[in-house]
Amino acid sequence: GSYQIPNFLLPSQLHNDGNFIISLSKLTRYLGEMAEGMGVEIYPGFAADEVLYNNADDDGNGNGAVKGVATKDVGIAKDGKPKDTFERGVELVGRQTLFAEGARGSCSESIISKFDLRREAGADV
């Protein structure tokens, strides 16, 4: 069985007195609406599959900077062949690209290795 710890033994940080309880999904939806109202384009439900970089052929600015992301192809069968519902992924290109997938996301890892961002990091980072 389990035992409940009496409330008076819990530290004050674990008491919800005076705190607000909110829905994370509603907060995210609200913040998304606020950002879209400011001109930010948000594409929910589309996972980025690869990072797109500038090269010398694009605009003569061969600095290799991030220019956007490409989404994954959808509608592919287990055997790797396209199904009737197949749709090619889309390239999303912009002046600025914000990556909010976490420190160990696949796109973040691509950027970290391309620009050697862990060069001066400690071994445990």
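Residues numbered from 1 in each chain as written. Predicted model: local features only at pLDDT ≥ 70, side-chain atom pairs only at ≥ 80, totals over all residues. Heavy atoms only, no water.

A. Structural view of the environment of Y43. Relative to the assigned elements, Y43 resides in the loop between α1 (24–37) and β1 (48–53). Sequence separation between Y43 and L14 is 29 residues; the distance between their C-alpha atoms is 36 Å. Side-chain polar atoms of Y43 contact the side chain of E41, separated by 2.3 Å. (Helix = DSSP H or I, 4+ residues; strand = E, 2+ residues; numbered from the N terminus. Polar contact = N/O pair within 3.5 Å; in protein donor to acceptor, adjacent residues only side chain to side chain.)

B. Highlighting the pairing of strand β4 (residues 82–87). For β4, the tally of buried residues reaches only zero of six residues, placing the bulk of the element at the surface. Judged from the two bridges that link them, strand β3 (residues 74–76) and β4 form a sheet pairing that is antiparallel. Of the residues in β4, the one forming a bridge with I76 is P82. Between the antiparallel neighbours β3 and β4 lie five residues, among them G80 with a positive phi of about 90 degrees. (Buried < 20%, exposed > 50% of the residue type's maximum accessible area, 1.4 Å probe, protein only. Pairing = 2+ DSSP bridges.)

C. Up close: the sheet that holds β1. As summarised here, the arrangement of the three strands in space is β1-β2-β5, forming an open sheet in which the pairing is antiparallel. Edge strands, defined here as strands with exactly one partner in the open sheet, are β1 and β5 (91–93). For this sheet, the mean inter-axis angle between neighbouring strands, taken without regard to orientation, is 25 degrees. Across five bridges, the pairing between β1 and strand β2 (residues 66–71) is antiparallel. Bridge assignment links L52 to a residue of β2, and that residue is G68. (Axes fitted to C-alpha atoms, helices over the stretch in contact; angles between N-to-C directions.)

Honestly, it's all geometry; don't read function into it.
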